[in-house]
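An overview of the molecular structure
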Amino acid sequence: MKLIKFTTILVAAFVALALVLTSCFQNLPPASALTEAQQAQTAEDIAADPLAAMRAVLEQFPKHTTNDNLPIYGGFLNYGLMTPSPLRGVFHPVWSLDAFDGWVGERLTESLLSTDENMILSQEGMATFEADIENSTITLTLQHDVFWHDGVPLTMYDLVFSYEILAHPDYDGGRFGPTITNVIGVCEYRSGAADHISGLIVSDEGRTIAMRFHSLTPTNFYGSGIWLWPTARHHFDGIPVAEMSSHPHARHQTLGTGPFMAGSYIPGEGIQLLANPGYWQGAPRLEGINVEVIHPELVPLAMQEGRFDISGFSPQQFADFQNPSNFKYLAEISQSFSYTGFRFGRWDADTNEIDMYRTNMDNVYLRRAIAYAIDHTQLGQLMFGGLRFPATSVVPPFHAHVLDTGVPGYLHNPERARQILDEAGFIDIDGDGFRANPDGSPLVITWATMSGENDDIFTQFKIQQWAAVGLNVQLFQGRTLDFNQFYDYIEHDNDGSRIDMFDAAWSVGLAPNPRDVWGHNTVLNFTRYTSPRFREIFERMASPDMWDDDLRRQVFNDWQWAFYEEIPAIPTLWRVEPVAVNNRVRNFSLIRKDGTSQVSLGAWHLIELTRDTPYAR
């Protein structure tokens, strides 16, 4: 990620922090590791304008490889999938939810439509489209002869099959939500009132589909604004929907139309992807990709030894590994952001809605104090190599066109936190240093967070900062949780009533519409929070008024202010994500089409290698 060198102000802040946390930060990057851009940024500068600070750092990184060496024929690219936890191995997009499975799935499967440099649907994919805004209809037509990996032709009936799975009452994934129910006939199909989805009309021997929606707004025309990922009907023939998610065909035997096909799989550890010679954009130039899970702490040595061609790179490791000789760093603004979520209820599978009930987190003043207590500017600079920045909005900079930079966020202000708690009646009544609830009962806040690099430093830092304002925060089960175990609790409400708040991250889609994540009728809303104000804003987002630029901008601003004021979660850190790329790799890019490179993000069929083995230092 990015270099780190402490300015006088940062040094002073670090010393003050060390007095509280003793040795918590003793293993952080050395002062000599700062880049020039970061040296010019004080903590105050970053807090005053985190977006500008992020962009200043980002400008130092290239976005695509520059390699003029001649390519070899074929070869296997070695990819390091950086995660501290085993791979779940659910690669089909209908069921896949985490980013690691999703990375593999994106090489295997594709949307029917492409997107341009602005993430808007374009006409260069497997299909083209025509939109009839007045009648809320989009018609897609296959532009090419496209085949599944097993050679069976793709048809629009396969897209219908995806919707039939997603809308089935036995579907147990997390993708059923407002995007799916916006299609006419989905709710009737799900309830059993209809035996087909009336809003999906296939014609021309399966090459064309008319999709009729309850409403069409501009956000539907982003890459993830409509579900456009087909599922091979013949591949799931005879498998009940209730059994599909656990079946190998939804996992390591995922069948797609993408540039690579699923090969040998080692549960939890990795998978080999093989070139799809019948890929509709042309056979990949690689023979395949060896995908291997690697712990973040092991990535630097692995890259230096030439074990991987491409891998994510931990911000906690980046500052100690500058100017590598055998690989280079690329970086871009991440689609992901970190947040602290509060728990307000559970998911009711019978009604497919959130069931809110009284929890420890009902008091909005308590939530605001919890937010003000943590210094995310220092966390980003000292623990994450200066590559993470205090988040002020639930909309990340990836969606900069709808980001309201006027939302102040909850930047570090412990005095304000104490004042809020005092005024709300959270008082220390027995002198133990911790505050009680306004009714005098003990206030103990249970916090769930994931295990990972330096998680002991991270958890101690936050627990002690909360304690400094009088809040007794304790780790759920007394420890950090493995990634998969953590999300098992959060997604499925397992023992969830005992979790008051949790630290997580979310990767946003190409569409900025937040309904599928924060709506009352989506299982992906892990806070289990909704409100009349949220519902009213989401209704406005689905209205024809959204075609007016000023009104669209206003409703997104209203959404961000509503989230800030009601605070069901605290957006904590925005991210610049570095990627390490070996010097033998050609045609790899992190950017969409911008005219500066011959390839773009997602063009993995064009990646080449220039020698048989990766370079080692």
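The shown structure was predicted, so the numbers you read here are calculated from the model rather than taken from an experiment.

Some points on the sheet that holds strand 5 (residues 137-142)
Strands sit in the order 4-5-7-6 across an open sheet of four strands; the sheet is antiparallel. Every other strand in the sheet has two partners, leaving strand 4 (127-132) and strand 6 (200-203) as the edge strands with one partner each. Each strand axis lies, on average, 20 degrees off the axis of its neighbour in the sheet, ignoring direction. The pairing of strand 5 with strand 7 (residues 208-212) spans five bridges and is classified as antiparallel. In the strand pairing of strand 7, Ile 138 is matched with Met 211. Packing of helix 6 (residues 156-166) onto the sheet brings it into contact with strand 4, strand 5, strand 6 and strand 7, and relative to strand 7 it is tilted by some 35 degrees.

Remarks on the pattern of salt bridges
Counted according to the given criterion, the structure contains 22 salt bridges. Put simply, Glu 292 and Arg 307 hold a salt bridge, and the shortest N to O gap is 2.3 Å. Within this pair, whereas Glu 292 is found in strand 10 (residues 288-294), its partner Arg 307 is found in the loop between helix 10 (299-304) and strand 11 (310-312), the two being separated by 15 residues in sequence. Residue classification places Arg 307 among the partly exposed residues on the basis of a relative accessible area of 36%. Glu 415 is the salt-bridge partner of Arg 418, the closest N and O atoms lying 2.6 Å from each other. Placement of the pair is Arg 418 and Glu 415 together in helix 14 (residues 414-424), with a separation of three residues, close to one helical turn. By relative accessible area, Arg 418 is classed as partly exposed at 24%. Given a relative accessible area of 53%, Glu 415 falls into the exposed group. Where salt bridges share partners, they join Arg 88, Asp 98 and Glu 491 into one cluster.

Rules behind the numbers
Residues numbered from 1 in each chain as written. Predicted model: local features only at pLDDT ≥ 70, side-chain atom pairs only at ≥ 80, totals over all residues. Heavy atoms only, no water. Pairing = 2+ DSSP bridges. Helix = DSSP H or I, 4+ residues; strand = E, 2+ residues; numbered from the N terminus. Axes fitted to C-alpha atoms, helices over the stretch in contact; angles between N-to-C directions. Contact = heavy atoms within 4.5 Å. Salt bridge = Lys/Arg side-chain N within 4 Å of Asp/Glu carboxyl O. Buried < 20%, exposed > 50% of the residue type's maximum accessible area, 1.4 Å probe, protein only.

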